[in-house]
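A look at the structure
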Amino acid sequence: MASKNQGSAPRALVVEDIKVDCVILMHMLHKLNCEATVVENGKEAVDLFVEGKTFDIVFLDKDMPLMSGPEAVAKIRAMGATEVKIVGVSADFGGQEAFMQAGADVFVPKPVKLETVAAMLEVMMLGASGEAPRKVDHESHSDETKSFAKMKPPEKEIKM
């Protein structure tokens, strides 16, 4: 998988306060050969960007202590970080609107699936490298994967 950083592994930031969810997402990212950094809340994520750290993709939970995911997205975008792909992640399906209004690229409901993360990284990294994208079998991916491949959120909110 190519990266903006000339052949190096994609850099991911995971912003999650629930340890189990964090471990699961980190395991997926490592399996997909990503370099991953973890912080526990939106304030810590914003602080990394203030320090000049850069990432290819950021996964943010919605409800966290000190600063929520959507608040962090708005602050990161306000700092001019427009190239980083931001994924809002939450079990709260109502979180989609908050993340999208704040400037996230896509919302993915929990539980996040490995094939969803893999498809997001492929679309993101191929788009950044300028290479022609490989054909993706969208039938084997979930609806949220298809929406990311188009780089826009699902047309309507999923109700349970």
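Residues numbered from 1 in each chain as written. Predicted model: local features only at pLDDT ≥ 70, side-chain atom pairs only at ≥ 80, totals over all residues. Heavy atoms only, no water.

The name an unreviewed UniProt entry gives the chain is Response regulatory domain-containing protein, with Miscanthus lutarioriparius as the organism.

To continue, consider the sheet that holds strand 2 (residues 35–39). Spatially, 2-1-3-4-5 is the arrangement adopted by the five strands of the open sheet, whose pairing is parallel. Bordering the open sheet on either side are strand 2 and strand 5 (106–109), each of which pairs with just one other strand. On average, each strand axis in the sheet is tilted by 20° relative to the strand beside it, whichever way the strands run. As paired strands, strand 3 (residues 57–61) and strand 4 (residues 85–90) are joined by five bridges and run parallel to one another. (Pairing = 2+ DSSP bridges. Helix = DSSP H or I, 4+ residues; strand = E, 2+ residues; numbered from the N terminus. Axes fitted to C-alpha atoms, helices over the stretch in contact; angles between N-to-C directions.)

Further remarks concern the packing of aromatic side chains. Under the defined criterion, the tally for this structure stands at two aromatic pairs. Between the aromatic rings of F49 and F55, the centroid separation amounts to 5.7 Å while the plane-to-plane angle is 55°, which identifies the pairing as tilted. For F49, a relative accessible area of 12% gives the class buried. Take F55: its relative accessible area is 8%, and that puts it in the buried class. (Phe/Tyr/Trp six-rings, centres within 6.5 Å; stacked < 30°, edge-to-face > 60°. Buried < 20%, exposed > 50% of the residue type's maximum accessible area, 1.4 Å probe, protein only.)

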